[in-house]
Amino acid sequence: MQNIIGWDIGGAHLKAARAENGIIKDAVQIACPLWLGLSELERAFGEARARIGAAPLNAITMTGELSDAFATRAEGVAGVAAIAERLLSPDRAVFYAARSGFVDGSDASAHATDIGSANWHASAALAGVKLREALLIDMGSTTTDIIPVAGGAPASSGYTDADRLTHGELVYTGLVRTFLMAGPKQVPFAGQWTALMNEWFADMADVHRILGQLPPGSDMMDTSDGREKTTAASIARLARMIGRDAHEASDAAWTRLARFFAEAQLREIMDAAALILSRGVLDNEAPIIGAGVGRGVVSDLATRMGRPYVAFDELIEAAPNAHEKACDCAPASAVALIAAHHFKA
């Protein structure tokens with residue numbers, strides 16, 4: 001039996017997906033706040049392997065090289081690769097270098113530019129196997145990738161994070177970890193426009209929790225105030241953003257404010273998608289593929305843009321209990337399946 005685990009090593013989460021004979025059997029996501037130290041990666045690997053097991057071949061993609069634990073991105077690629085190889089030993093580890101295929105850890109430094117933050121490429125490359133034309137939108141907890149797939153392959157204008165930010169293919173907003181102060185600078189409340197506190201009093205997890213659209217298990221980080229993850233506590237944090245306490249307005253008023261933040265986030269992603277679609281590389285009927293924990297937002301966006309919607313897990317084979325998790329961990333699932341094809345005996 002061909003047994004491969006795909007790993008997506010991020011700066012906030014570690015994701016893993018097991019593929020057996022080209023079928024995703026299981027996937028897990030573990031909180032991994034690298035800004036607290038590289039020991040977090042060791043802990044997360046231990047938790048992930050306890051839940052998903054081991055495999056003789058491990059295919060790895062990463063964004064964790066951006067952690068400020070490293071002085072440069074190149075140093076980060078080498079550092080993350082070395083840690084992953086050590087923790088996965090004696091099993092083999094290979095690294096997804098996108099344009100350069102898979103490379104061993106000894107060659108990771110030489111391919112740092114190709115390896116660093118290339119997880120989006122794996123998802124888009126796999127999507128292209130199933131759909132020759134589509135717009136892949138992977139909305140995670142922190143960022144949103146928007147990648148055109150044309151001719152059965154990724155058709156992005158940028159490759160590095162810097163280039164993708166410029167071209168609208170990387171939008172720094174996510175379902176959970178985005179600070180509300182990073183969004184609109186003024187919001188409507190009680191019939192007036194009001195400025196926001198420039199503090200991390202609340203984040204998008206609070207907004208989506210208030211609106212009842214935060215998927216179970218998607219918010220793995222501590223809240224801004226260390227208090228509970230309830231609707232009432234989220235309303236209290238949201239109120240702080242405009243210098244108020246929750247009791248100063250009705251729940252309906254706070255829900256309206258949360259809806260404004262959610263709408264502003266959706267518009268930001270939609271504007272980037274419209275910019276990419278304006279290149280004319282995709283047919284007007286090309287579907288939008290939704291991936292990540294925020295794919296519910298992506299589904300709403302597809303409706304707004306008048307395009308068919310396809311969930312990422314519809315493009316892959318997965319065990320009945322693994323579809324949702326495989327979609328949450330799309331790059332890990334993708335890199336496992338790409339490796340299964342690449343290393344097929």
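Note that this is a predicted model, so its numbers are computed, not measured.

The subject of this paragraph is the sheet that holds strand β3 (residues 23–31). Adjacent strands of a sheet pair through backbone hydrogen bonds, lying either parallel or antiparallel. Spatial strand order, β3-β2-β1-β4-β5-β6: six strands in an open sheet with mixed pairing. Every interior strand has two partners, whereas the edge strands, β3 and β6 (102–104), have only one. Across the sheet, the mean angle from the axis of one strand to that of its neighbour is 25 degrees, orientation sign disregarded. One ladder, built from four bridges, connects strand β4 (residues 57–62) with strand β5 (residues 92–96); its direction is parallel.

Attention now moves to the pattern of salt bridges. All told, the structure shown has 21 salt bridges when counted by the stated rule. Close ionic contact of R209 with D219 constitutes a salt bridge, the shortest N to O distance being 2.6 Å. Linking R209 in helix α6 (residues 204–210) with D219 in the loop between α6 and α7 (231–240), this pair joins segments that are ten residues apart in sequence. For R209, a relative accessible area of 11% gives the class buried. Across the pair R227 and D225 runs a salt bridge whose closest N-O atoms are separated by 3.5 Å.

By the assigned domains, the protein splits into domain 1 (3–131 + 315–343) and domain 2 (132–314). Between domain 1 and domain 2, the C-alpha centre-to-centre distance is 24 Å. Taken together, the 38 residues of domain 1 in the interface contact 34 residues of domain 2. When the two sides are added together, the surface that domain 1 and domain 2 hide from each other amounts to roughly 2,700 Å², 65% of it contributed by carbon and sulfur. At the junction of domain 1 with domain 2, the criterion picks out two salt bridges. Mapped onto the side of domain 1 that touches domain 2, the elements with two or more residues apiece are β3, α3 (112–115), α4 (119–130), α10 (323–328) and α11 (330–342). Looking at which element gives the most residues to the side of domain 1 that touches domain 2, the answer is α4, with ten residues.

It is worth spelling out the side chain of R18 at this point. Among the structural elements, R18 can be located in strand β2 (residues 13–20). Lacking a salt bridge, the buried R18 has E20 as its closest oppositely charged neighbour, with an N-O distance of 4.2 Å. Within the structure, R18 has its side chain in polar contact with the side chain of N3 (distance 2.6 Å). Of note is the side chain of R18, whose polar atom sits 3.0 Å from the backbone oxygen of A54. The residues touching R18, leaving out its near neighbours within four places in the chain, are N3, I4, I5, I23, I24, K25, D26, I52, G53, A54 and A55.

Here the UniProt-annotated "domain: Hydantoinase A/oxoprolinase" (unreviewed entry) positions come out as residues 58–306. Structurally, residues 58–306 comprises 37% helix and 17% strand, and the distance from its first C-alpha atom to its last is 39 Å.

About the cut-offs
- Residues numbered from 1 in each chain as written.
- Predicted model: local features only at pLDDT ≥ 70, side-chain atom pairs only at ≥ 80, totals over all residues.
- Heavy atoms only, no water.
- Pairing = 2+ DSSP bridges.
- Helix = DSSP H or I, 4+ residues; strand = E, 2+ residues; numbered from the N terminus.
- Axes fitted to C-alpha atoms, helices over the stretch in contact; angles between N-to-C directions.
- Salt bridge = Lys/Arg side-chain N within 4 Å of Asp/Glu carboxyl O.
- Buried < 20%, exposed > 50% of the residue type's maximum accessible area, 1.4 Å probe, protein only.
- Domains from an automatic or database assignment.
- Contact = heavy atoms within 4.5 Å.
- Buried area = accessible area lost by both parts, 1.4 Å probe.
- Lys, Arg positive; Asp, Glu negative; His and termini not counted.
- Polar contact = N/O pair within 3.5 Å; in protein donor to acceptor, adjacent residues only side chain to side chain.
- UniProt positions renumbered as here; feature names shortened; annotations may be inferred.

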